[in-house]
There are 2 protein chains.
Amino acid sequence: MSATFDEIISKVKELPAKKLSVAVAQDVNVLEAVAKARDLGIADPTLFGNEAKIKEIAKENNIDISGMPIINEEDDVEASLKAVKMVHDGDAQMYMKGELPTKTFLKSVLNKEVGLRTGKTLSHVCIFQIPGINRLLFFSDVAFLPYPTLEDKEQIINMDVKVANACGVKMPKVAPLAAVEVVNPKMPVTVEADQLSKWQDEGRIKNCIVDGPLSLDLAIDPESAAHKAGASDRKIVGDADVLLFPDIHAGNLVYKAIVHMVPGVVNGNILMGTKAPVVLTSRSDTVEVKVNSIAVAAVVAEELKKTGWD
Amino acid sequence: MSATFDEIISKVKELPAKKLSVAVAQDVNVLEAVAKARDLGIADPTLFGNEAKIKEIAKENNIDISGMPIINEEDDVEASLKAVKMVHDGDAQMYMKGELPTKTFLKSVLNKEVGLRTGKTLSHVCIFQIPGINRLLFFSDVAFLPYPTLEDKEQIINMDVKVANACGVKMPKVAPLAAVEVVNPKMPVTVEADQLSKWQDEGRIKNCIVDGPLSLDLAIDPESAAHKAGASDRKIVGDADVLLFPDIHAGNLVYKAIVHMVPGVVNGNILMGTKAPVVLTSRSDTVEVKVNSIAVAAVVAEELKKTGWD
């Protein structure tokens, strides 16, 4: 059973190192989120950006940033490179996007000298806490990688397993999703899902249970799964932890349906495949989502410190 | 503004003709649904199938089927052909699937002699009533057509418009969905969405407003749409009625996420592209979903009688 976000936040409070480097911090939502994370005891933020603007925004919005180091750098590209270098050098455990275009931010992440490259595919992991579902669900990829290949999907699963492990799920159940639960050569995504399942059987994909293709009801609803013919032969019966989407359209549309239609839903998001976890939330994400994302980044940083990428 | 299902049901009560032909009716859920539809005054069912079994199931489950004509035919294929012929001949306005495989049922729908072919693409329309959204939403295709071509999508829009019109929406707003709201040549679905939008501008697609590509938040959430840069240039600003999905995986996964995660959600489904609307619900659909589907089929039958397919 995975933790709730509250439990993850409690766990992060006990961690020794949770330094957070923020690129171009002059944004009210970002400052509110890092101040809240600092107050909760889950992050020690260092702010890179326009010091005067940062202080002005904090003052105007009554955000307490006292005690947070601010590195003044008015050029956004330079600020992001200095901020990412702090993580690259091991002086911070997490890297967070502020008020700069995603493209510019990602250039700093991928910078060859001071960035966080590992040679791995980068992928986005969205963690959902959904009322009525008794565990966290880990979604990939709903925001970053448009059309993952079969090999990308294998790497995505490895990243999801790291994040799930960090959140307390020892042997996550991974469901490569499709509209149907049977392999159909006319639907390539079902063939790929089956291959991922076989790679887990053969030991190529480790530390998790993979069963695909699965429709969403068989992946998350034990009652639906129990009533479906053939369910008894499956490795996952409504108890999946990780949902792997066919492509970004399917993933993003489901993600937004949940965010906009399910009352009481909570989520957090991080970018994986980097040396350290990256908090890449969007403007429309609430402060709560940003704080949850920082909490997940902190436990993932700790997990990577203990086990590395392999 | 579209009606609620309750309003659609009220409207159907006033319709003169609402004969429902049921293929292979010996199924407890199907009998419960048609009995409820009859009691509500929204359908006059004729049951084709194994008469002894139909009566036995009704008796065992206290379902009142008194007064419903039963045509005894123990062979499923024959029963479906007789049932579909009743609709083909104009003696019933709606055709419904009972206890037979979907493949066999569809063979009757597509039978050249007695079926309901129009030469059009067949497509599934799912109608959702979602708490917090002040109108019905029409989803295509979440269950039938795996990978619609651009031309298929044009036809799907025409079908959705018929269904929306029948449900009281005069000039539906149609959102061809994607993960993003900008055209990106590397994402073919966005190029197709843009083309559909242009076809509406040029008058090739009529009786609706098409604006794509749209992400789900811009399609259904006025607040998100208002905050997004460029929203003022769009034809749809969070007020879409019809959601057109890139493919069956995206559509089906969103559909199941809503059914399994949104409390209080209600839906109905019909198959379109045929001479008369077809109720093709699945075993897992509740009696309420089946009744809603019959109600939608009845208003669609009336709409097709008034306006035809073109």
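Figured I'd write up the structure that's included with this text. (Residues numbered from 1 in each chain as written. Chains lettered and ligands numbered in written order. Predicted model: local features only at pLDDT ≥ 70, side-chain atom pairs only at ≥ 80, totals over all residues. Heavy atoms only, no water.)

1. Re the interface of chain B and chain A
Across the contact, 34 residues belong to chain B and 34 residues belong to chain A. Among the residues of chain B in contact with chain A, B:H249, B:L253 and B:M261 are the three that bury the most area, contributing 27% of the side total. Summed over the shared surface of chain B and chain A, the number is two salt bridges. Where B:D217 meets A:K256, a salt bridge forms, and the shortest distance between an N and an O atom there is 3.5 Å. Here chain B and chain A share five residue pairs in polar contact (both at pLDDT 80 or more) between them. Contributing elements (two or more residues each) for the side of chain B that touches chain A: α7 (188–201), α8 (216–220) and α10 (248–261) of chain B. In terms of residue count, the dominant contributor to the side of chain B that touches chain A is α10(B) (11 residues). Grouping the amino acids of the side of chain B that touches chain A by side-chain chemistry returns 24 nonpolar, five polar and five charged. (Contact = heavy atoms within 4.5 Å. Buried area = accessible area lost by both parts, 1.4 Å probe. Salt bridge = Lys/Arg side-chain N within 4 Å of Asp/Glu carboxyl O. Polar contact = N/O pair within 3.5 Å; in protein donor to acceptor, adjacent residues only side chain to side chain. Helix = DSSP H or I, 4+ residues; strand = E, 2+ residues; numbered from the N terminus. Nonpolar A, V, L, I, M, F, W, Y, C, P; charged D, E, K, R; others polar.)

2. Comments concerning the packing of aromatic side chains
Considering all chains together, one arrives at eight aromatic pairs over all chains under this definition. Seen from their ring centres, A:F128 and A:F139 are 4.9 Å apart, and the 70° between their planes marks the pair as edge-to-face. With A:F128 in strand β5 (residues 123–129) and A:F139 in strand β6 (residues 137–140), this pair connects stretches of sequence that are 11 residues apart. Of the residues examined, A:F128 reaches a relative accessible area of 0% and is grouped as buried. Since its relative accessible area comes to 0%, A:F139 is described here as buried. Note on B:Y95 and B:F105: the rings are 4.7 Å apart at their centroids and 20° apart in plane angle, and the pair reads as stacked. Separated by 10 residues along the polypeptide, B:Y95 in strand β4 (residues 94–97) and B:F105 in helix α5 (residues 102–110) bring together distant segments of the chain. The buried category is assigned to B:Y95, whose relative accessible area is 0%. (Phe/Tyr/Trp six-rings, centres within 6.5 Å; stacked < 30°, edge-to-face > 60°. Buried < 20%, exposed > 50% of the residue type's maximum accessible area, 1.4 Å probe, protein only.)

3. Section: the pairing of strand β1 (residues 19–23) of chain B
All names here are of chain B. Across the five residues that make up β1, a large majority, four, are buried. Relative to strand β2 (residues 44–49), β1 runs parallel, the two being bridged by five bridges. Within β2, the position partnered with V22 by the bridge is L47. For the segment spanning β1, helix α2 (residues 28–40) and β2, crossover handedness is right-handed. Direction of pairing for β1 relative to β4: parallel, over a ladder of four bridges. Bridge assignment links S21 to a residue of β4, and that residue is Y95. (Pairing = 2+ DSSP bridges. Right-handed = clockwise from strand over helix to strand, strands pointing away.)

4. Comments concerning the side chain of B:E181
Residue and element names in this part refer to chain B. Its place among the elements puts E181 in the loop between β7 (173–176) and α7. There is a polar contact of 3.2 Å between the side chain of E181 and the side chain of S215. Among the polar contacts made by the side chain of E181, one reaches the side chain of K228 at a distance of 3.3 Å. With residues near it in sequence (within four places) discarded, E181 still touches P213, L214, S215, L218, K228 and R234.

5. Regarding the relation of the copies chain B and chain A
Taken as rigid bodies, chain B and chain A are interconverted by a rotation of 180° and an axial shift of 0.0 Å, the fit giving an RMSD of 0.0 Å. Here the copies are linked by what is in effect a two-fold axis. No C-alpha of chain B approaches the rotation axis more nearly than that of B:A250, which lies at 1.9 Å. (Least-squares fit on C-alpha atoms with pLDDT ≥ 70 in both.)

6. Section: the pattern of salt bridges
Where charged atoms from two side chains of opposite charge approach closely, those side chains can pair. This model, assessed by the stated rule, comprises 34 salt bridges over all chains. As a salt-bridge pair, A:K55 and A:E51 come within 3.0 Å of each other at their nearest N and O atoms. Residue A:K55 and its partner A:E51 are located together in helix α3 (residues 51–60), separated by four residues, close to a single helical turn. On the basis of relative accessibility, which here comes to 45%, the residue A:K55 falls in the partly exposed class. Judged by relative accessible area, which is 25%, A:E51 ranks as partly exposed. A salt bridge links B:D89 to B:K85, with the shortest nitrogen-to-oxygen separation between them at 2.7 Å. Looking at B:K85, the relative accessible area reads 38%, which means it is partly exposed.

7. Some thoughts on the environment of A:V291
Within the secondary structure, A:V291 is located in helix α11 (residues 287–307). Counting along the chain gives 250 residues from A:V291 to A:G41, while the straight-line C-alpha distance between them is 11 Å.

8. Concerning the state of the cysteines
Residues and elements named next belong to chain A. All chains considered together, the criterion is met by zero disulfides over all chains. The thiol of C126 is not disulfide-bonded; the next cysteine sulfur, from C167, is found 12 Å away. Counting only cysteine sulfurs, C167 is the nearest neighbor of C208, a cysteine outside any disulfide, at a range of 15 Å. (Disulfide = S-S within 2.5 Å.)

9. With respect to the packing of helix α4 (residues 76–88) of chain B against α5(B)
All names here are of chain B. Two elements in contact, α4 and α5, have axes whose closest approach is 9 Å; the angle formed by their N-to-C orientations is 40°. Crossing handedness for the pair α4 and α5: right-handed. Contacts between α4 and α5 pair V77, S80, L81 and V84 from the former with T104, S108 and V109 from the latter. Of the residues in the contact of α4 with α5, the class split is four nonpolar, three polar and no charged. (Axes fitted to C-alpha atoms, helices over the stretch in contact; angles between N-to-C directions. Left-handed = near helix turned anticlockwise from the far one by under 90°.)

10. Structural notes on the environment of B:V266
Residue and element names in this part refer to chain B. In this fold, V266 is placed in strand β10 (residues 266–272). For the pair V266 and D285, spaced 19 residues apart in the sequence, the C-alpha separation amounts to 11 Å. Setting aside anything within four residues of it in sequence, one finds V266 in contact with F5, I127, F128, Q129, E288 and N292.

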